[in-house]
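Reading the structure
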Amino acid sequence: MYTRIHRRKTVLVALSFLIFLLVLSGRLITIQLFNSNNLTHLANIQHWTKRIIEPERGIIFDSGMRKLAMNKRMDSIYADSLKIKNKGEAASLLSPILGMDKDILQERLGSGRPFVWLKRKVSDEVSRSVRGLKINGIGFIAENKRFYPHGELASHIIGFAGMDNNGLEGAELFYDGYLRGRQGWSLVERDAKRRLLSSYEKDSLDAIDGYNLVLTIDQVVQYIAEKAIEKAFKDWKPNSAAIIVMNPKNGDILAMANRPAFDPNLFNNFSADTRRNRAITDIYEPGSTFKVITASSVLEEGLVQLHERFFCENGAYRVTGGHVLHDHVPHGWLTFEEIIDESSNIGVYKVAERIDGGRFYRYLKDFGFGEIAGIDLPGEAKGIVYPRNKWSKLSMMALPMGHEIGVTSLQMLCAVSTIANKGVLIKPRIASSIKDKDGNVIKSYKPEERRRVVSEGTARLVTEILVKAVEDGTGVNARLNGYRAAGKTGTAQKIEPNGEYSHTKFVASFIGFAPADDPVISIAVVLDEPKGSYYGGTVAAPVFKYVANELLKYLEAPPASSGKLIEAKR
């Protein structure tokens, strides 16, 4: 009896053990055949980590291959919170050096993670001070930080890159795809305490550094332009000011500056409003500089002769709807040429009555208004040109004088440069090429003609009108030493919130080119609400004069070919 019971128990135990082995084997087979990939993946996650290898961002050069944006190696500070014993004391020591709140530091140091950033891309002085503390668990990683060696110079063109070296504004943003490069990575093994074992790498992908960008900007020209606009900004205290220098024959932007300015090395210290590139984003009514467009249109249509005379009244003239036009002084009889030179509103109105509104609208569009000029920078505004069917009865009074239209400084410069370029509208550009580190050209940007707007003959006639405007008209403060300059002043009333034109707020401007006989530069100067004086001929024309005089010497432009040298007005 006992033997039978004992045998039965033995069988049950053996059977249970067999069943356990079968279940265990089944589980093992399931793991090996069906779950091995998942388990291998989990093991890799625990034992291997991907380390990102950052590429070096490409350098930005000016047209003379001088560096405008480059990279600087700087320390970034991290903590292994598992190694730091007294976290409160460490936070107290680090807080004044890093300029960070002690509680925030203590929270990071107490995160329980083997890697946590404390502060990235710190100065050499901060790095040395932290190293001097000799806190176990504090580490350093060398990273590239974007550095702008000339500070404010050309900041609105260059823009800036952020902490992770991604372009955020300006050329840094527009050409980010070329400048940024491609990240690399490597799989690095770590031990049970999650410490990296850098000597054990499983796989890797090399980083590819970014390409270099060569701009059309000339650092010397940029400096001269910024010096001049800075002086005007201080002298006349406008809300803002902008200047653009362009080669009218190929569209190369040689300089572009705005005030107020900012330092891209410290971009977080400046408001978005200050960082805005007003030369291409801000829209304004141009006023009398727009009379260049009106003159070009009626001459191209053959509706007026250069020396045809018009009676410009005695300073006031009642037009459609009882509206009264005013000139700044009574003119009486003026030739068409003198109407533009003296900037007579009444004279321009009488001339513009001869052109059909539909044809005039076509010229507005052909000169590039109501569409972007196409510059290779982010944020360009297209301005405001109302469709023909939206025009009022007063539109053909207002538009020829530069009202009821919104333009940017760049649009106006491109339009006037069309006259300098023998009637052909050119596309502006700030980049000339993309190059690799060895100097090989990856991509080249060629000048681009957009369309012919007026004939070469019309362009010559308008040029002579604009030369006379500088010699004897409202632009005498733009007269140059030894060169003939062509240009036009603008003094435009701003619109108040109630929709009426202000009698105290103006936009003052001057746009011109030189030498008039064979232009190598065209310049736009625009000041928003200057104080003390608001006439374009007083506040903007002298900026043109200074910049043009300096640049024509720098560019070694030949003097006036006609032998008619214009002496500077004393």
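Residues numbered from 1 in each chain as written. Predicted model: local features only at pLDDT ≥ 70, side-chain atom pairs only at ≥ 80, totals over all residues. Heavy atoms only, no water.

1. Structural notes on the overall build of the chain
The secondary structure content of the chain amounts to 20 helices and 23 strands. Taking all 570 residues of the chain together, 50% fall into the buried category. Looking at the chain alone, contacts between residues at least 24 apart form 71% of all its contacts between residues at least 6 apart. When the accessible surface of the chain is totalled, it reaches about 27,300 Å², and 53% of it is carbon and sulfur. (Helix = DSSP H or I, 4+ residues; strand = E, 2+ residues; numbered from the N terminus. Buried < 20%, exposed > 50% of the residue type's maximum accessible area, 1.4 Å probe, protein only. Contact = heavy atoms within 4.5 Å. Areas by Shrake-Rupley, 256 points an atom, 1.4 Å probe, with all protein chains shown as cover.)

2. Things to note about the packing of aromatic side chains
For the structure shown, the criterion picks out 12 aromatic pairs. When the centroid spacing of 5.3 Å and the interplanar angle of 45 degrees are considered together, the rings of Phe 311 and Trp 333 count as tilted. Here Phe 311, found in strand E13 (residues 309-311), pairs with Trp 333, found in strand E16 (residues 333-335); they are 22 residues apart in sequence, far enough to count as distant. Aromatic pair Tyr 361 and Trp 391: ring centres 6.0 Å apart, planes at 75 degrees, arrangement edge-to-face. Highlighted residues: Tyr 361 in helix H15 (residues 357-366) and Trp 391 in the loop between H15 and helix H16 (395-398), separated in sequence by 30 residues. Through pairs of rings, three or more aromatic residues link up here, namely Phe 160, Phe 262, Phe 267 and Phe 270. Directly above the ring of Trp 117 sits Arg 120, whose terminal nitrogen or CZ lies 5.2 Å from the centroid. A cation sits over an aromatic face here: Arg 131 above Phe 140, 4.0 Å from the ring centre. (Phe/Tyr/Trp six-rings, centres within 6.5 Å; stacked < 30°, edge-to-face > 60°. Lys NZ or Arg CZ within 6 Å of the ring centre and 35° of its normal.)

3. Some thoughts on empty space enclosed by the protein
The gaps left among the atoms become clear once a water-sized probe is rolled over them. A full pass over the atoms with the stated rule returns one cavity of 30 Å³ or more. The space that makes up the largest cavity amounts to roughly 40 Å³. In terms of lining residues, the largest cavity is bounded by Leu 364, Val 385, Tyr 386, Trp 391, Leu 399, Glu 404 and Ile 405. Within the lining of the largest cavity, the residues separate by chemical class into six nonpolar, no polar and one charged. (1 Å grid on protein atoms, 1.4 Å probe; cavity = no way out; pocket = protein on both sides within 12 Å on 5 of 7 lines; lining within 4 Å. Points joined across faces, edges and corners; volume = space filled by probe spheres on them. Nonpolar A, V, L, I, M, F, W, Y, C, P; charged D, E, K, R; others polar.)

4. Let's talk about the pattern of salt bridges
Applying the stated rule across the entire model yields 34 salt bridges. The partner of Asp 528 in a salt bridge is Lys 494, with the nearest N and O atoms 2.8 Å apart. With Asp 528 in strand E23 (residues 521-528) and Lys 494 in strand E21 (residues 486-495), the pair connects residues that are 34 residues apart, well separated along the chain. For Lys 494, a relative accessible area of 23% translates into the label partly exposed. Taken together, the shared-partner salt bridges in this structure form one network comprising Arg 57, Arg 146, Glu 172, Asp 176 and Arg 180. (Salt bridge = Lys/Arg side-chain N within 4 Å of Asp/Glu carboxyl O.)

5. Observations concerning the confidence of the model for the chain
Across the chain, pLDDT averages 88, with 88% of residues at or above 70. Low pLDDT, under 50, characterises residues 562-570; the predicted model gives this stretch 23 contacts beyond four residues in sequence or across chains. (pLDDT = per-residue confidence, 0-100.)

6. Section: the nonpolar core
Ranked by size, the top nonpolar core spans 91 residues in total, and within it Phe 336 and Phe 369 carry the most contacts. When residues in this core are grouped by element, the largest group, eight residues, is from helix H17 (residues 409-420). Those residues in contact with Phe 336 that lie beyond four places of it in its chain are Ala 295, Val 298, Leu 299, Val 304, Gln 305, Leu 306, Glu 308, Phe 310, Val 351 and Ile 465. By size, the runner-up hydrophobic cluster in this structure holds 32 residues, among which are Ala 225, Ile 521, Ala 540 and Val 547. (Core = buried A, V, L, I, M, F, W, Y, C linked by side-chain atoms within 4.5 Å.)

7. Quick word on the packing of helix H3 (residues 87-98) against helix H5 (residues 124-133)
For the pair H3 and H5, the least separation of the axes is 10 Å and the interaxial angle reads 165 degrees. Put simply, H3 runs roughly antiparallel to H5. When you trace H3 past H5, the crossing you get is right-handed. Here Leu 93, Leu 94, Ile 97 and Leu 98 of H3 lie close against H5, whose contacting residues are Val 126, Ser 129, Val 130 and Leu 133. Looking at the contact of H3 with H5 residue by residue, the classes come out as seven nonpolar, one polar and no charged. (Axes fitted to C-alpha atoms, helices over the stretch in contact; angles between N-to-C directions. Parallel < 35°, antiparallel > 145°, perpendicular 65-115°, else oblique. Left-handed = near helix turned anticlockwise from the far one by under 90°.)

8. A closer look at a nonpolar patch on the surface
A grouping of Leu 15, Leu 18, Ile 19 and Leu 22 is seen on the molecular surface, where their side chains present a nonpolar patch of about 380 Å² in accessible area. Here Leu 18 shows up in helix H1 (residues 2-34). (Patch = residues over 30% accessible without salt bridge, like charges linked within 9 Å, V, L, I, M, F, W, Y side chains within 5 Å.)

9. Here's the deal with the pairing of strand E3 (residues 67-79)
Pairing analysis gives two bridges linking strand E2 (residues 60-61) to E3, with the strands arranged antiparallel. Note that in E3 the partner of Phe 61 across the bridge is Lys 67. Between E2 and the antiparallel strand that follows it, E3, lie five residues; Met 65 among them carries a positive phi value of about 65 degrees. Alignment of E3 against strand E5 (residues 138-147), held across 10 bridges, turns out to be antiparallel. In the sheet register, Lys 72 faces E5, and the bridge partner there is Lys 145. (Pairing = 2+ DSSP bridges.)

10. A short note on the sheet that holds E21
Two pairing modes exist for strands in a sheet, parallel and antiparallel, and in both the strands are linked by backbone hydrogen bonds. Spatially, E12-E11-E23-E22-E21 is the arrangement adopted by the five strands of the open sheet, whose pairing is antiparallel. Only two strands of the sheet have a single partner each, and these edge strands are strand E12 (253-259) and E21. Sheet twist, expressed as the mean angle between neighbouring strand axes with direction ignored, is 10 degrees. Bridging between strand E11 (residues 240-246) and E23 involves seven bridges; their strand directions are antiparallel. Paired with Ala 241 across the bridge in E23 is Leu 527.

11. Details of the side chain of Ser 343
Counting through the fold element by element, Ser 343 comes out in the loop between helix H13 (336-341) and helix H14 (345-352). Residue class for Ser 343 comes out buried when judged on its relative accessible area of 9%. A distance of 3.0 Å separates the side chain of Ser 343 from the side chain of Ser 288, its partner in a polar contact. Among the polar contacts listed, one links the side chain of Ser 343 to the side chain of Lys 291, at a separation of 3.0 Å. Leaving out residues up to four positions away in the same chain, Ser 343 has contacts with Ser 288, Lys 291, Asp 327, Glu 338, Thr 474 and Lys 488. (Polar contact = N/O pair within 3.5 Å; in protein donor to acceptor, adjacent residues only side chain to side chain.)

12. Description of the pairing of E11
Counting buried residues along E11, seven of its seven residues qualify, which places the element largely inside the surrounding structure. Neither face of E11 is open: one carries Ser 240, Ala 242, Ile 244 and Met 246, the other Ala 241, Ile 243 and Val 245, and all of them are buried. In this sheet, E12 lies alongside E11 in antiparallel orientation, the contact comprising six bridges. By the bridge assignment for E12, Ile 244 is matched with Met 256. The antiparallel hairpin formed by E11 and E12 contains six residues in its connecting segment, where Gly 251 sits at a positive phi of about 85 degrees.

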